[in-house]
Amino acid sequence: STSAGVTRHDGVEARSWGLAEGLPEASVRGVVEDREGHPWFITGGGLLQLRDGQLTRVTREGARCGLRTRSGELYFGTESGLLQAGGPTWGAEAGLAAPIWKIVEEPDGKGLVVGTRGAGLQRFDGRRFERLGPPGTPPNVFDLAWDGQGTLWIAADGGLAALRQGQLRVFTRREGLRSERVTSVAIDRQGRVLAGTFGGGLARLDGDRVAGLDHRQ
């Protein structure tokens, strides 16, 4: 997905979908595939499903992120709350405190964790949201990732944070981050934590320190 639509390559040829093919706007924020293998495009102008090469607009409300759970359910963070594909939307009436920017499933599959723009982390148990994390949890969350030990890594405006068993640690410039606006986080095959920053490049956690990476690493 790009600022000019979506391109799909099947190993032989590439096909693109943009405004002319039915996208409500050229910028696509993400793609999630349902259990039948149909991609859903996440845009600021709504959700669209690609089926048999044709786009179908499912909603007109803007969405920011999406998740397919291990059981195959699709969830999306929309302007009004958490939308389950083919189901309801849970919002402020269910305790959601701010717009959702990221959704992850708990390792045991019992609930979802959402990162919000303004209210930090919240846990969703299928009915209601509750606050997750101690005081000091960064309020503006861009990305989330679980590692193999059950630690939730948080890319946030204010640093890279780690939440484990209710205890929070935040890595900032003091630990070596070049920028404290961390916009993405991932765990590599060796279990190492990688963080993408705004203006500070890519970083990797090395014990209690954060090391910047260049193109040779």
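Just above, that's the structure.
Residues numbered from 1 in each chain as written. Predicted model: local features only at pLDDT ≥ 70, side-chain atom pairs only at ≥ 80, totals over all residues. Heavy atoms only, no water.

Give me the lowdown on unusual backbone geometry, citing residues and values where you can.
Phi at D52 is positive, roughly 55°, even though this residue is not glycine. Counting through the fold element by element, D52 comes out in the loop between strand 5 (46-51) and strand 6 (54-57). In this model, Q165 sits at a positive phi of 50°, which is unusual for a non-glycine residue. (Helix = DSSP H or I, 4+ residues; strand = E, 2+ residues; numbered from the N terminus.)

Now, about the pairing of strand 7 (residues 63-68): what can you tell me, with residues and values included?
In this sheet, strand 8 (residues 74-78) lies alongside strand 7 in antiparallel orientation, the contact comprising 5 bridges. Bridging across to strand 8, A63 finds its partner in T78. Count of turn residues in the strand 7/strand 8 antiparallel hairpin: 5 residues, of which G72 carries a positive phi of about 100°. (Pairing = 2+ DSSP bridges.)

Explain the packing of aromatic side chains to me, and be specific about the residues and the numbers.
Tallying each qualifying case throughout the model produces 6 aromatic pairs. With 6.5 Å between their ring centres and 55° between their planes, W17 and F41 make a pair best called tilted. Remark: F41 occurs in strand 4 (residues 39-43) and W17 occurs in strand 2 (residues 14-17); sequence separation between them is 24 residues. Judged by relative accessible area, which is 5%, W17 ranks as buried. (Phe/Tyr/Trp six-rings, centres within 6.5 Å; stacked < 30°, edge-to-face > 60°. Buried < 20%, exposed > 50% of the residue type's maximum accessible area, 1.4 Å probe, protein only.)

Any details on the sheet that holds strand 22 (residues 209-213)? Residues and values, ideally.
Pairing in this open sheet of 4 strands is antiparallel, and the strands run 19-20-21-22 from one edge to the other. For this open sheet the edge positions go to strand 19 (182-187) and strand 22, each flanked by a neighbour on one side alone. With strand direction ignored, the average angle separating the axes of adjacent strands in the sheet is 30°. Across 3 bridges, strand 20 (residues 193-197) lies against strand 21 (residues 202-206) in antiparallel orientation. Each bridged residue has a counterpart across the sheet, and for A195 the counterpart in strand 21 is A203. (Axes fitted to C-alpha atoms, helices over the stretch in contact; angles between N-to-C directions.)

Which residues make up the layout of surface pockets, and what values go with them?
For the largest pocket, the calculated volume is near 280 Å³. Taken together, the residues of the lining of the largest pocket break down into 7 nonpolar, 4 polar and 5 charged. A volume near 170 Å³ is recorded for the second largest pocket. Lining the second largest pocket are 14 residues, and of these R8, D10, R15, W17 and L50 lie nearest its centre. Considering each element in turn, the lining of the second largest pocket owes the most residues, 3 residues, to strand 2. Partitioned by chemical class, the residues of the lining of the second largest pocket number 4 nonpolar, 4 polar and 6 charged. (1 Å grid on protein atoms, 1.4 Å probe; cavity = no way out; pocket = protein on both sides within 12 Å on 5 of 7 lines; lining within 4 Å. Points joined across faces, edges and corners; volume = space filled by probe spheres on them. Nonpolar A, V, L, I, M, F, W, Y, C, P; charged D, E, K, R; others polar.)

Run through the side chain of S179, naming residues and quoting values.
By the secondary structure assignment, S179 is in the loop between strand 18 (167-171) and strand 19. A distance of 3.3 Å separates a polar atom in the side chain of S179 from the backbone nitrogen of R181. Among the polar contacts made by the side chain of S179, one reaches the main-chain carbonyl oxygen of F198 at a distance of 2.8 Å. Residue contacts for S179: discarding those within four places in its chain leaves R173, T197, F198, G199 and G200. (Polar contact = N/O pair within 3.5 Å; in protein donor to acceptor, adjacent residues only side chain to side chain. Contact = heavy atoms within 4.5 Å.)

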